[in-house]
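Structural overview
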Amino acid sequence: MKFSRIISGAAYKGTQNYLASQKKYEIIRTVLLFGVSISLFIAGWVTTKTKVNLLTIVAVLGCLPACKSLVTLIMFLRFHGCSKENAEAIKTHSQEFTGLYDMVFTTYEKNYNIAHMTLRGNTGICFTEQLKFDEAAFVRHLTDTLALEGITGITFKVFTDRKKYLQRLSQLKELEEQENLTESVKATLLSIVL
């Protein structure tokens, strides 16, 4: 079991509060990794009375995973998950759907923060709390990624207005669920998010 699951309970990609729990995990991991490197350096310095020793080399090499962890922490600190208010409103409308929370899609040009995504049949609708959102580029990124996995014919729509998103959730109940398609789309999307 991963350490992050112990700290915060269920913190799997696509679940509510995933980003918040990952931030906690990354903070703790980064502090511990830097702490180990610093303590090794101090132990070597105290025991040999010089900075030139084997423990200094080990401490410097220990900074590599610590710095990698710091970069990951910075990535997670840049994004926020679905707000509690929005999550409660969405939960009442999306109980029978495949829903994913707190998703951050990264591309070379831009990052896309999706608070909630619902999949039903060949339709995916997304809700974002970002004020400026390039929907065309995001949809193109998703369809291109899914096409690489052999999944085509999926349409996506992004909403920045919660009321319109909830209305569209109500309309989705009329669509027929295609369980195998929904699960393969979900698996692919979860594999490409932060």
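Preceding this section is the structure that the text describes.
Below you will find a few notes about this structure. Position numbers for residues count from 1 along each chain, tracking the sequence in the order it is written. At least 70 in pLDDT is required for a residue's local features to be given in this predicted model, at least 80 for side-chain atom pairs to be given and counted, and no such filter applies to totals for whole chains, interfaces and linings, which use all residues. Only heavy atoms go into the side-chain values, all of them from the structure, while hydrogens and water stay out.

Examining the side chain of T188
This is how the line gets drawn: In DSSP terms, a helix is any run of H or I states spanning at least four residues, a strand is any run of E spanning at least two, and both are numbered starting from the N terminus. Exposed residues in this analysis have more than 50% of their type's maximum accessible area, buried residues have under 20%, and partly exposed residues fall in between, with area computed by a 1.4 Å probe over protein chains only. Should any heavy atoms of two residues lie within 4.5 Å, those residues are counted as being in contact.
By the secondary structure assignment, T188 is in helix α7 (residues 179-192). According to the relative accessible area criterion, T188 is buried, its value standing at 9%. The residues contacting T188, other than those within four sequence positions of it, are T145, L146, E149 and I151.

Describing the pattern of salt bridges
Definition in use: Just to be clear on terms, a salt bridge is a Lys or Arg side-chain nitrogen sitting within 4 Å of an Asp or Glu carboxyl oxygen.
Per the stated rule, a full pass over the model turns up three salt bridges. Between R29 and E26 there is a salt bridge, with its nearest N and O atoms 3.0 Å apart. In this pair, R29 and E26 both sit in helix α2 (residues 18-48), three residues apart, roughly one turn of the helix. By relative accessible area, E26 is classed as buried at 3%.

Overview of the packing of α2 against helix α3 (residues 54-77)
Worth spelling out the cut-off: Geometry is summarised by axes, namely lines fitted to C-alpha atoms with helices restricted to the contacting stretch, and by angles between N-to-C directions that run from 0 to 180 degrees. Note that the term roughly parallel is reserved for angles under 35 degrees, roughly antiparallel for angles over 145, roughly perpendicular for angles of 65 to 115, and oblique for everything else. The sense of a crossing depends on the near helix, which, turned anticlockwise from the far helix by less than a right angle, makes the crossing left-handed and, turned clockwise, makes it right-handed. Residues are grouped as follows: Ala, Val, Leu, Ile, Met, Phe, Trp, Tyr, Cys and Pro are nonpolar; Asp, Glu, Lys and Arg are charged; all remaining types, including Gly, are polar.
Packing of α2 against α3 brings their axes to within 8 Å, and their N-to-C directions diverge by 165°. One element, α2, and the other, α3, form an angle in the roughly antiparallel class. Crossing angle aside, the handedness with which α2 passes α3 is left-handed. When grouped by side-chain class, the residues that make up the contact of α2 with α3 number 19 nonpolar, eight polar and three charged.

Things to note about α2
Defined as follows: Multiplying one less than the number of residues by 1.5 Å gives the expected span of a helix.
Helix length check: α2, at 31 residues, gives a terminal C-alpha distance of 45 Å against a target of 45 Å (1.5 Å per residue), a fit within 8%. Listing the buried residues of α2 in full gives Y18, L19, S21, Q22, K23, Y25, E26, T30, S37 and G44. One or two residues past the end of α2 sits K49, with phi positive at roughly 65°.

Describing the state of the cysteines
Under the convention used in this document: We call a pair of cysteine sulfur atoms a disulfide when they lie within 2.5 Å.
For the coordinates displayed, the defined rule picks out zero disulfides. Summary of cysteine pairing: C63 is not part of a disulfide, and the nearest cysteine sulfur, belonging to C67, is at 5.7 Å. Sulfur of C126: no disulfide; nearest cysteine sulfur belongs to C82 and is 12 Å away. A residue is classified by how much of its surface remains accessible, and C126, at 0% relative accessible area, is buried.

Describing the nonpolar core
Within soluble globular proteins, side chains that are nonpolar generally end up buried alongside one another. The cut-off we apply is this: What is meant by a nonpolar core is a set of buried Ala, Val, Leu, Ile, Met, Phe, Trp, Tyr and Cys residues, joined one to another through side-chain atoms within 4.5 Å.
M103, F105, M117, F138 and F156 are the most contacted members of the largest nonpolar core, which totals 23 residues. Of all the elements in the fold, those that place two or more residues in this core are β1 (98-106), β2 (111-120), α5 (135-148), β4 (155-159) and α7. Among the elements that line this core, the one with the most residues is α5, at five residues.

Thoughts on the sheet that holds β1
The condition is simple: Note: two strands are recorded as paired if DSSP finds a minimum of 2 bridges between them.
Taken in spatial order, the four strands make up an open sheet running β1-β2-β3-β4, and their pairing is mixed. Both edges of this open sheet fall to β1 and β4, since each of them pairs with a single strand only. Averaged over all adjacent pairs, the angle separating strand axes in this sheet is 30°, with direction ignored. By the bridge criterion, five bridges tie strand β3 (residues 123-127) to β4 in an arrangement that is parallel.

Structural notes on the environment of D102
Here is the rule: The term polar contact refers here to a pair of N or O atoms within 3.5 Å; inside protein, the definition further demands a hydrogen-donor-capable atom paired with an acceptor-capable atom, and it admits residues adjacent in sequence only when both atoms are side-chain atoms.
You can see D102 is positioned in strand β1. Residue class for D102 comes out buried when judged on its relative accessible area of 3%. Each C-alpha atom, one on D102 and one on V185, is 17 Å from the other, the two residues being 83 residues apart in sequence. Not counting residues within four places of it along the chain, the set of residues in contact with D102 comprises T15, Q16, N17, Y18, L19, G81, C82, I114 and A115. Engagement of the side chain of D102 in a polar contact is seen with the backbone nitrogen of N17, the distance being 3.0 Å. Polar side-chain contacts of D102 include one of 3.1 Å to the backbone nitrogen of Y18.

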